[in-house]
Structure formats: C-alpha cells, structure tokens
Amino acid sequence: MLQGKEILLGVTGGIAAYKSVLLLRELTKYGANVNVIMTKSATEFVGSLTFQTLSGNPVTTDIFTLFASSEIGHVSLASRADLLVIAPATANIIGKIANGIADDFLTTMVMATRVPVLFAPAMNTNMWASRVVQRNISDLKEMDYNFMEPAEGELACGVVGRGKLADIDAIMDEIKALLSPNDLQGEKILISAGPTEEAIDPARCLTNRSSGKMGYNLAAVARRRGAEVILVAGPCAELENWGIKVINCKTALEMADAIDQNLDGVTSVIMAAAVADFRPAEQAAEKIKRDGNYCLELEPNPDILAGLGKRPDKPFLVGFAAETNKLFDHAQGKIKRKNLDMIVANDVTAPGAGFSVDTNIICIIDRDGQMTDFPLMSKENVAGVILDHMLKLKKKRRLLA
Ligand code: PMT
C-alpha cells in the first residue's frame, strides 16, 4: 500500500519530535518516499541530518528553498505528494493553520497542497484540553483535515493525562486508511479471529495455535477501506485494533453466541477463527490429579459457520479451511457442507503459512469451484486480496441478479 507513495512528513517543535524519526523509519520500511519538512523549532529537538540520512532526501526547513531553478520548492513537493502527515503537531502549528497563517515552509505547504493532511498532535494535557486548541481542531476537522487522538499517559513534563503523540503503529494505520480506496463503504463485516479455549479443569484447556493475526489483519484492512467492522476474537495476545469494535470470547459456545448477537445489519461474515470442534463433556471443578490413566470424553461444539449458512437471511459467507492434505478437496467439501460463498484454503503445514506466522499462502475457491492461488504474502496483503475477491464476487452477483 505504501510502496512508491510520496509522503510529506511535517515535524514541529515538541519533545515528541524524536518519535517522528521512528515514523519515518516505518514509512520507508514499507516503500514510501518521504520528504521531511521541519519547522525551525523542530530543529532544536532533533537535527535535520537524522531525517535526511534516514529518508535519503534533503530536509526542508527554509521557505525559500528551491529544488530546481525552475521549480518553487513547496509547489513542486505539494504537487507530487500523496499525503501530508504532521507529527508531532504542536498547538502552535494547529493554531496557525486554523487561522490561515503561512509564514514558514510547513504552513505554506499545507495551504499549497490538495492531498489529505493528517495531524498527530502532541502537547501538554492542559494545552490539549484548552478551548482555543479544541476550537481550532474542530474548525480544521470541518475543513476536512484529519486528526489522530493523542494518547494518555505520563508526559515529558511529568503530568499524567492526554497529550502524548499517538502510537506510531496507530499513525501508520491511519496513514494507510487515508491512502486506501473507500470501496468497502456501506459494508458491515463481522470477522472472527483467534483460537477458542475449552476448559478441562481450572488449570487446563483444549486450544490451538491460532494467534489471531489473520483475523486482526482482515479487520484492520476492512476498516481502512471504509467498512464498519465487528471483530469477534478468541483469546489472543495483545493485537492492536484501532477503531474496531472487538468482542472478546473464550469458548466456541461463547463465540457462537457473540456472533449471533451481533448479526444485525451485517452484510458479510469472514470466519478466520480456529474454532474448537470439540469440548470436554464435563469441566472438572478442581484440578485433575495425576493418578493412573485418564480418559477425556469430548462432545462436539456447534459448527458456527454451518449454522450461519442455514439462515434464510444469510449474509455473504467467507470461510477458511485449515488443511494439512488434499487442500482443494477438503475446502470444496466445506463450501458445500456449510453453504459458503467462498473459502480461503491454507495448508497449515507449509512454511510461512497458517498459524502464528506473519505471512500466509492461500488459495481462494468460489462456490462454482473456480480456484485462485496466491504466493507467500504478509497477512496484511492476504487480507487485501481476500477483500478484493469478496467485493468482486458481490459485484458480479449484483450484476447477475
Ligand atoms: O490466527 P493465525 O495465527 O493468524 O492463523 C490463521 C489461521 C490458520 C487460524 C487461519 O488462516 C485459518 O485457517 N482459520 C480457520 C481455522 C479452522 O478452524 O479451519 P477449519 O477448516 O477447521 O474450519 C473451517 C471453517 O469453519 C473455518 O472458517 C472455521 O472458522 C469454521 N468453523 C469451524 C469449526 C466450528 N465449530 N465452527 C466454525 O464456524
């Protein structure tokens, strides 16, 4: 998504200026070409050479900088850019832009550009809460400028409250959202992620190796593309979920219930969760002691997806198939048995695919048996192709209707 994008990174004078170095690193890691513009006071906090070295581009601090004899610096940069992000954005820069002041390179650039502008404010808690700052932000939002909410925590001045620069990953997520097509607007997608846990006794459970990464990536990418997303997640390690409603659950029965309770208005369901097929028939009240052989009796859990497939008002259903052999045959059997619109098959024994890793290798199979193979990709990119395919099928069906 960021590959080949032209990003302008505005850095203003606050202690959080050092964090914009980390933002620059992330942007370039994903292939963006970044031009950094620093205000004079920003250079008091971090040297421009750091940004120049890491971006591979000259850093602009002077309004009279000319990049080529025939080009005026700010006009040239502004016309090439895809997005301008100001991080950190001080109360001063917000106030100047809200009031039409263009007295340095960065403020001039904001006036000159027509691309989306994202502010990531960072300032003292009282300044953030002040009526004048809030009025300026609300004026700018009305003019279609985009804002990140600062984070809460201990600020550099020792005060605890809101005003810290938002998490770099959260800023990256918003940048990706602003650069994404809004092609899922109007869709309400329920996505399941992670494993389920079925208790044996108070200390032990039956579970699997799902980390939730596949489902969380689907949720993040769908949100960026304009969908309303509900994520129903089994027990996963801390995964970021900006702007997504997450419903946490443990067991397969709880997951079935959470999905059932949240189907209102849902247009598509994507079941990436690895739901336990069985649960212990009885949960021991006390920890089971080690004396001799022990036989665990299991009973089946409901098949959530198959249940959805039986509904007369069924939403568009996307299943996953975690297979270790005969990928196509097993996956196709699941499409039919569960009445799905498409299935995403992954061979969980292939290196770089399936459980816990950051990548996956998938094959998408449609109801009519048409197969599309994809190479090894990040789970973020896998999420993108699944959503593309889903959209394509939905459009096709609407045309056929
Ligand atoms: O979470 P990660 O670490 O990123 O790993 C990703 C993944 C490997 C978990 C994911 O890519 C994946 O394959 N998810 C589906 C796992 C699974 O349970 O597959 P299955 O073939 O057993 O089930 C088929 C489909 O039925 C799945 O969509 C599953 O969610 C659903 N199902 C299964 C059992 C059940 N009782 N109810 C269900 O709804």
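Residues numbered from 1 in each chain as written. Predicted model: local features only at pLDDT ≥ 70, side-chain atom pairs only at ≥ 80, totals over all residues. Heavy atoms only, no water.

We now examine the overall build of the protein. A count of helical and extended segments in the protein gives 14 helices and 21 strands. Buried positions account for 50% of the 401 residues belonging to the protein. Put simply, 66% of the contacts in the protein that link residues at least 6 apart link residues at least 24 apart. By element, 50% of the accessible surface of the protein is carried by carbon and sulfur atoms, the whole surface being about 19,500 Å². For the protein, the centre of its 43 positive side-chain charges and the centre of its 48 negative side-chain charges are spaced 2 Å apart. (Helix = DSSP H or I, 4+ residues; strand = E, 2+ residues; numbered from the N terminus. Buried < 20%, exposed > 50% of the residue type's maximum accessible area, 1.4 Å probe, protein only. Contact = heavy atoms within 4.5 Å. Areas by Shrake-Rupley, 256 points an atom, 1.4 Å probe, with all protein chains shown as cover. Lys, Arg positive; Asp, Glu negative; His and termini not counted. Charge placed at Lys NZ, Arg CZ, Asp CG, Glu CD.)

Here we take up the packing of helix H5 (residues 91-98) against helix H6 (residues 105-112). Helices that pack against each other are described as a pair by the angle of their axes relative to one another and the distance between those axes. Packing of H5 against H6 brings their axes to within 10 Å, and their N-to-C directions diverge by 45 degrees. With respect to H6, the axis of H5 lies oblique. The element H5 and its partner H6 pack so that their crossing is right-handed. Residues Ile93, Lys96 and Ile97 of H5 lie in contact with H6, whose contacting residues are Leu106, Thr107, Val110 and Met111. A class-by-class count of the residues in the contact of H5 with H6 yields five nonpolar, one polar and one charged. (Axes fitted to C-alpha atoms, helices over the stretch in contact; angles between N-to-C directions. Parallel < 35°, antiparallel > 145°, perpendicular 65-115°, else oblique. Left-handed = near helix turned anticlockwise from the far one by under 90°. Nonpolar A, V, L, I, M, F, W, Y, C, P; charged D, E, K, R; others polar.)

Taken as a whole and assessed by the stated rule, the structure comprises two aromatic pairs. Through a chain of ring-to-ring contacts, the aromatic side chains of Phe119, Tyr145 and Phe147 assemble into a single cluster. Sitting over the ring of Tyr30, Lys176 keeps its end group 4.5 Å from the ring centre. (Phe/Tyr/Trp six-rings, centres within 6.5 Å; stacked < 30°, edge-to-face > 60°. Lys NZ or Arg CZ within 6 Å of the ring centre and 35° of its normal.)

The next thing to look at is the site of the ligand. In the vicinity of the ligand lie 28 residues, with Ser210, Ser211, Lys334, Asn346 and Ser356 positioned nearest. Contacts to the ligand include Leu305, whose backbone N or O atom sits 2.9 Å from an oxygen atom. One nitrogen or oxygen atom from the side chain of Lys379 is found 2.7 Å from an oxygen atom belonging to the ligand. Comparing atom positions with the cavity grids shows the ligand to sit within the largest pocket. Among the secondary structure elements, those contributing two or more residues to the shell around the ligand are helix H10 (213-224), helix H12 (304-309), strand S16 (316-323) and helix H13 (327-338). Of all the elements, S16 adds the most residues to the shell around the ligand, at four residues. Classifying every residue of the shell around the ligand gives 14 nonpolar, eight polar and six charged. (Near = heavy atom within 4 Å. Polar contact = N/O pair within 3.5 Å; in protein donor to acceptor, adjacent residues only side chain to side chain. 1 Å grid on protein atoms, 1.4 Å probe; cavity = no way out; pocket = protein on both sides within 12 Å on 5 of 7 lines; lining within 4 Å. Sits in = over half its atoms within 2 Å of the grid points.)

When its domains are assigned, the protein resolves into domain 1 (6-178) and domain 2 (188-284 + 293-400). Distance between the C-alpha centres of domain 1 and domain 2: 38 Å. Contact with domain 1, which involves seven residues of that partner, is made by five residues of domain 2. Of the roughly 600 Å² buried at the junction of domain 1 and domain 2 (both faces included), carbon and sulfur atoms supply 44%. Of all residues in domain 1, Asp173, Lys176 and Ala177 give up the largest surface area on contact with domain 2, accounting jointly for 66% of the area buried on that side. In this assembly, domain 1 and domain 2 are joined by four salt bridges. Between Arg223 and Glu174 there is a salt bridge whose closest N-O contact spans 3.4 Å. Where domain 1 packs against domain 2, one counts four residue pairs in polar contact (both at pLDDT 80 or more). By residue class, the composition of the side of domain 1 that touches domain 2 is three nonpolar, no polar and four charged. (Domains from an automatic or database assignment. Buried area = accessible area lost by both parts, 1.4 Å probe. Salt bridge = Lys/Arg side-chain N within 4 Å of Asp/Glu carboxyl O.)

Residues Ile189, Ile191, Leu218, Ile270, Met342, Ile386 and Leu387 are the most contacted members of the largest nonpolar core, which totals 34 residues. Counting only elements with at least two residues in this core, the list comes to strand S8 (188-193), H10, strand S11 (228-233), S16, strand S17 (342-347), strand S19 (362-366) and helix H14 (379-400). Among the elements that make up this core, the one with the highest residue count is H14 (eight residues). In this view, Ile191 contacts Gly215, Leu218, Ala219, Ala222, Val229, Ile230, Leu231, Val232 and Ile270; residues no more than four positions away in its chain are not counted. Counting 33 residues, the second largest nonpolar core, distinct from the first, contains Leu9, Val11, Val34 and Ile171. (Core = buried A, V, L, I, M, F, W, Y, C linked by side-chain atoms within 4.5 Å.)

A few words on empty space enclosed by the protein. Scanning all chains against the criterion turns up one cavity of 30 Å³ or more. In this model, the largest cavity occupies a volume close to 30 Å³. Lining the largest cavity, in full, are Glu6, Ile7, Leu8, Asn35, Leu77, Arg80 and Ala81. For the lining of the largest cavity, the elements supplying multiple residues, two or more each, are strand S1 (6-11) and helix H4 (73-80). For the lining of the largest cavity, the residue count by class is four nonpolar, one polar and two charged. (Points joined across faces, edges and corners; volume = space filled by probe spheres on them.)

Attention now goes to unusual backbone geometry. The amide bond that connects Ala87 to the next residue, Pro88, takes the cis arrangement and shows omega of -5 degrees. Following the sequence through the fold, Pro88 ends up in strand S3 (residues 83-89).

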